[in-house]
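# Close look at the chain arrangement
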Amino acid sequence: MTAAELREKIRMIIPTVVGNRKQAAEAAVEYDELTKFPELKSIIVDLLTHEFDNFVASIDWVAPRPTTFRINLKNDFNFYLIYTKTSWIAQVEGKKYYLLNLPEEERATDAIARILRYGAPDTASATADVEANAGGGEDVSVDVEDDVTVDI
């Protein structure tokens, strides 16, 4: 590869990279916590890519020490990001991943992808199941031989 070819490839890649950064910056304005804590934004971009806005519903600041954030996903699931002196910790479905290590960051990304695949809970069928199991159906009357009617 010649120097001219390398320069041309770099010129083609730069708009994509700069566009991704601008997209992440525009999405971060929507979340107040990302403007207050810029380190949090870089961790979320590492875990969910620059298109994190498609998956994140809201971000809650849960605890001041250790600084803990709840990342609420659009499918009603969530995970936590905890800031420590040495690194960030992602807690996904109760399991902790220390993001200082690349293999654990990859496992955290896989765990987040897994909970994103769960999808939104089906509220219509859950409501029907609760009503069916609650016994809230029609009243039933039973006739007994002594002409006594019992309502159940």
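This write-up is about the structure you can find in this document. A quick note: this is a predicted structure, and the numbers were derived from the prediction, not measured. (Residues numbered from 1 in each chain as written. Predicted model: local features only at pLDDT ≥ 70, side-chain atom pairs only at ≥ 80, totals over all residues. Heavy atoms only, no water.)

Quick look at the overall build of the protein chain now. The helix and strand tally for the protein chain stands at five helices and seven strands. Moving toward the C terminus, one meets the helices and strands of the protein chain in the order α-α-α-β-β-β-β-β-α-α-β-β. Counting the 152 residues in the protein chain, one finds 26% classified as buried. Put simply, 30% of the contacts in the protein chain that link residues at least 6 apart link residues at least 24 apart. Surface exposure of the protein chain reaches about 10700 Å², of which carbon and sulfur atoms provide 53%. (Helix = DSSP H or I, 4+ residues; strand = E, 2+ residues; numbered from the N terminus. Buried < 20%, exposed > 50% of the residue type's maximum accessible area, 1.4 Å probe, protein only. Contact = heavy atoms within 4.5 Å. Areas by Shrake-Rupley, 256 points an atom, 1.4 Å probe, with all protein chains shown as cover.)

Between the first and last C-alpha of helix H4 (residues 102–117) there are 23 Å, a value that for 16 residues agrees with the 22 Å anticipated at 1.5 Å per step. Check the buried side of H4 and you find it contacts helix H3 (38–48), strand E2 (68–73), strand E3 (78–83), strand E4 (88–92) and strand E5 (95–98). In the stretch just after H4, Gly-119 is the one whose phi turns positive, near 80°. (Expected span 1.5 Å × (residues − 1).)

A complete count under the given rule lists six aromatic pairs for this structure. Both rings, one in Phe-37 and one in Trp-61, keep their centres 5.0 Å apart while their planes meet at 70°; by these two values the pair is edge-to-face. Of this pair, Phe-37 sits in the loop between helix H2 (32–36) and H3 while Trp-61 sits in strand E1 (residues 56–63), placing them 24 residues apart in sequence. When the centroid spacing of 5.0 Å and the interplanar angle of 65° are considered together, the rings of Phe-37 and Phe-69 count as edge-to-face. With Phe-37 in the loop between H2 and H3 and Phe-69 in strand E2, the pair connects residues that are 32 residues apart, well separated along the chain. (Phe/Tyr/Trp six-rings, centres within 6.5 Å; stacked < 30°, edge-to-face > 60°.)

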